[in-house]
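Tertiary structure, described
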2 protein chains.
Amino acid sequence: MSDWMPSLSALRAFDATVRHLNFVRAAEELSVTPSAVKQLVRKLEDSLGQPLVERDVRGLRLTAAGEAGARRISEAYRIQVYRGELCEDCIDLS
Amino acid sequence: MSDWMPSLSALRAFDATVRHLNFVRAAEELSVTPSAVKQLVRKLEDSLGQPLVERDVRGLRLTAAGEAGARRISEAYRIQVYRGELCEDCIDLS
DNA sequence: ACCTCTTACGATTGTCGTAATAATC
DNA sequence: GATTATTACGACAATCGTAAGAGGT
């Protein structure tokens, strides 16, 4: 809830959700189920105490907090590191 | 142990270990037990396939991979974000 | 002896898929 | 009615503390 440390999986799930505004496609990108993505985003929301995404006429839309979160998470956590080149570029120490 | 995604806790544990070269003090900084720190660092090592820290005459010392890892993890993951101002600066979206 | 590292074990929590339901087109 | 969002539930994995043992000074 509030002492939960956001995992990289959760940040990545939110990041994919922001880019697709669609849980199904976000899940496809991450090779998990839409349920998994939804649940991680919900944990993020719970830990923040406010919703980040809402249902909209055309799928999903970001709340104000979601907009701020998308910017700050992208900047602060450097989520882009995790868009493909994680292991090759950052973890492999050879 | 190679499909394990390093958690922020694990990266933070390694970061604290690098700075203190001492599991007890690293654990104090993170308000956990030395055992918890040690186990997270070991998971990191397992996922990398090589040791990062070794016992030394005066406590701990970094291996070559550990030196490289300390630099890259600090750079790539921006661990410094988690040295205190995590919630205030990065998570709080108010 | 003391201090630190290290590990086995168990409890708690987190992650994620399945399956069923609700909402929207 | 088809697609997507949402939730309950259960299996499995990760996290972490306790307690005990190993290593060094």
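Computed from a prediction, not measured in an experiment: that's the story for all the values here.

So, how was this worked out
- Residues numbered from 1 in each chain as written.
- Chains lettered and ligands numbered in written order.
- Predicted model: local features only at pLDDT ≥ 70, side-chain atom pairs only at ≥ 80, totals over all residues.
- Heavy atoms only, no water.
- Axes fitted to C-alpha atoms, helices over the stretch in contact; angles between N-to-C directions.
- Helix = DSSP H or I, 4+ residues; strand = E, 2+ residues; numbered from the N terminus.
- Parallel < 35°, antiparallel > 145°, perpendicular 65-115°, else oblique.
- Contact = heavy atoms within 4.5 Å.
- Nonpolar A, V, L, I, M, F, W, Y, C, P; charged D, E, K, R; others polar.
- UniProt positions renumbered as here; feature names shortened; annotations may be inferred.

So, about the packing of helix α1 (residues 8-20) of chain A against helix α3 (residues 34-48) of chain A. Residue and element names in this part refer to chain A. Contact geometry of α1 with α3 gives a least axis separation of 8 Å together with a crossing angle of 105°. The angle between the axes of α1 and α3 places the two elements in the roughly perpendicular class. Residues Ser 9, Ala 10, Leu 11, Ala 13, Phe 14 and Thr 17 of α1 form the contact with α3, whose own contacting residues are Val 37, Leu 40, Val 41 and Leu 44. For the contact of α1 with α3, the class distribution of residues is eight nonpolar, two polar and no charged.

Before going further, it helps to spend a moment on the packing of helix α2 (residues 23-30) of chain A against α3 of chain A. All names here are of chain A. Relative to each other, α2 and α3 sit at 105°, their axes nearing to 8 Å. Taken as axis vectors, α2 and α3 run roughly perpendicular relative to one another. When α2 is examined against α3, the residues Phe 23, Val 24, Ala 26, Ala 27 and Leu 30 are found in contact with a partner set consisting of Pro 34, Val 37, Lys 38 and Val 41. In terms of residue class, the contact of α2 with α3 is built from eight nonpolar, no polar and one charged.

The UniProt record annotates "domain: HTH lysR-type" (unreviewed entry) at residues 6-63 of chain A. Counting secondary structure, residues 6-63 of chain A comes out at 62% helix and 14% strand; the distance between its end C-alpha atoms is 19 Å.

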